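The primary structure of each chain is shown beneath.
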Amino acid sequence: MLRRLLILLLMMSFAATARAVPTEYQLKAVFLLNFARYATWPEQSLPEDDPIDICVLGRDPFGAHLAGLESRQAQGRDVRILYPATATEARQCDVVFVSGSELRRLNVTLRELANAPVLTVSDIEGFVEAGGAIGFVTEDDRVRFDINRNTLERDHIKLSAQLLKLARKLIGDGGP
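A few points on the structure.

Cut-offs used in this document
- Residues numbered from 1 in each chain as written.
- Predicted model: local features only at pLDDT ≥ 70, side-chain atom pairs only at ≥ 80, totals over all residues.
- Heavy atoms only, no water.
- 1 Å grid on protein atoms, 1.4 Å probe; cavity = no way out; pocket = protein on both sides within 12 Å on 5 of 7 lines; lining within 4 Å.
- Points joined across faces, edges and corners; volume = space filled by probe spheres on them.
- Nonpolar A, V, L, I, M, F, W, Y, C, P; charged D, E, K, R; others polar.
- Phe/Tyr/Trp six-rings, centres within 6.5 Å; stacked < 30°, edge-to-face > 60°.
- Helix = DSSP H or I, 4+ residues; strand = E, 2+ residues; numbered from the N terminus.
- Buried < 20%, exposed > 50% of the residue type's maximum accessible area, 1.4 Å probe, protein only.
- Salt bridge = Lys/Arg side-chain N within 4 Å of Asp/Glu carboxyl O.
- Pairing = 2+ DSSP bridges.

1. Things to note about empty space enclosed by the protein
Alright, step 1. Evaluated as defined, the whole model comprises 1 cavity of 30 Å³ or more.
Alright, step 2. Put simply, the largest cavity is a space of about 40 Å³.
Alright, step 3. Looking at the largest cavity, the residues that line it are Leu110, Leu113, Ala114, Thr120, Gly131, Arg154 and Asp155.
Alright, step 4. The residue inventory of the lining of the largest cavity, partitioned by class, reads 3 nonpolar, 2 polar and 2 charged.

Right, here's the structure in full:
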């Protein structure tokens, strides 16, 4: 009897998991990993055997979803998740998610990260217009993103053509 109950509970748990819709921050965590997979940094900023550091600046909205990325790889490199305390420390990261808790310091943060080979990402409204590289937007209950090509050019980061095609909106021409 106990065995049947255990099997029933496992089946119910599996069925609930199979139907679970990913949360907004589960999707955004997967996007961060894919941004790392389809970005190219200057050689001197990302030596061959170094891991790709994905950092969260500010309060972490991802919860456990980001920790699951640490067992993954991007471009044949291990992925590490870090939580720098300041924008100055974040200059050592490869991808920086600027949390909504950093809204009041956004301009200072973007100035601190400018001209560093750091792919900046956020879901703060107007992020790419303020000088961030990739800004998440939610449109019709779908997570999408905008890209600022001038910021990428300034910071010497290239994104694959496939990733650029998936963007909802491209800002700038990528020129000086």
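What follows continues from the structure just given.
2. Examining the packing of aromatic side chains
Alright, step 1. This structure, assessed with the given rule, holds 8 aromatic pairs.
Alright, step 2. Consider the rings of phenylalanine 31 and phenylalanine 145, whose centres lie 5.6 Å apart with planes at 70°: the pair is edge-to-face. Of this pair, phenylalanine 31 sits in helix α2 (residues 24–37) while phenylalanine 145 sits in strand β8 (residues 142–148), and the two are 114 residues apart along the sequence.
Alright, step 3. Look at phenylalanine 31 and you get partly exposed, because its relative accessible area is 22%.
Alright, step 4. Aromatic pair phenylalanine 62 and phenylalanine 97: ring centres 4.9 Å apart, planes at 75°, arrangement edge-to-face. Of the two residues, phenylalanine 62 sits in the loop between β2 (52–57) and α3 (64–67) while phenylalanine 97 sits in strand β5 (residues 95–98), which places them 35 residues apart along the sequence.
Alright, step 5. Among the residues examined, phenylalanine 97 registers a relative accessible area of 0% and is labelled buried.

3. Some points on the pattern of salt bridges
Alright, step 1. Scanning all chains against the criterion turns up 9 salt bridges.
Alright, step 2. The partner of arginine 168 in a salt bridge is glutamate 139, and the shortest N-O contact between them spans 3.1 Å. Here arginine 168, found in the loop between α8 (161–166) and β10 (169–171), pairs with glutamate 139, found in strand β7 (residues 134–139); they are 29 residues apart in sequence, far enough to count as distant.
Alright, step 3. Relative accessible area serves as the criterion here: at 32%, arginine 168 is assigned to the partly exposed category.
Alright, step 4. We classify glutamate 139 as partly exposed; its relative accessible area is 29%.
Alright, step 5. Residue aspartate 155 pairs with arginine 154 through a salt bridge whose shortest N-O separation is 2.8 Å.
Alright, step 6. For arginine 154, a relative accessible area of 32% translates into the label partly exposed.
Alright, step 7. It is possible to trace a salt-bridge network through shared partners that takes in Glu139, Arg144, Asp146 and Arg168.

4. Let's talk about the pairing of β8
Alright, step 1. Of all 7 residues that make up β8, 5 are buried, and the element is covered over most of its length.
Alright, step 2. Bridging between β7 and β8 involves 6 bridges; their strand directions are antiparallel. By the bridge assignment for β8, phenylalanine 136 is matched with phenylalanine 145.
Alright, step 3. As consecutive antiparallel partners, β7 and β8 are separated by 2 residues, and within that stretch aspartate 140 has a phi angle of approximately 55°, a positive value.
Alright, step 4. For β8 and β10, the ladder comprises 3 bridges, and the chain directions are parallel. Looking at the pairing, asparagine 148 lines up with isoleucine 171 of β10.

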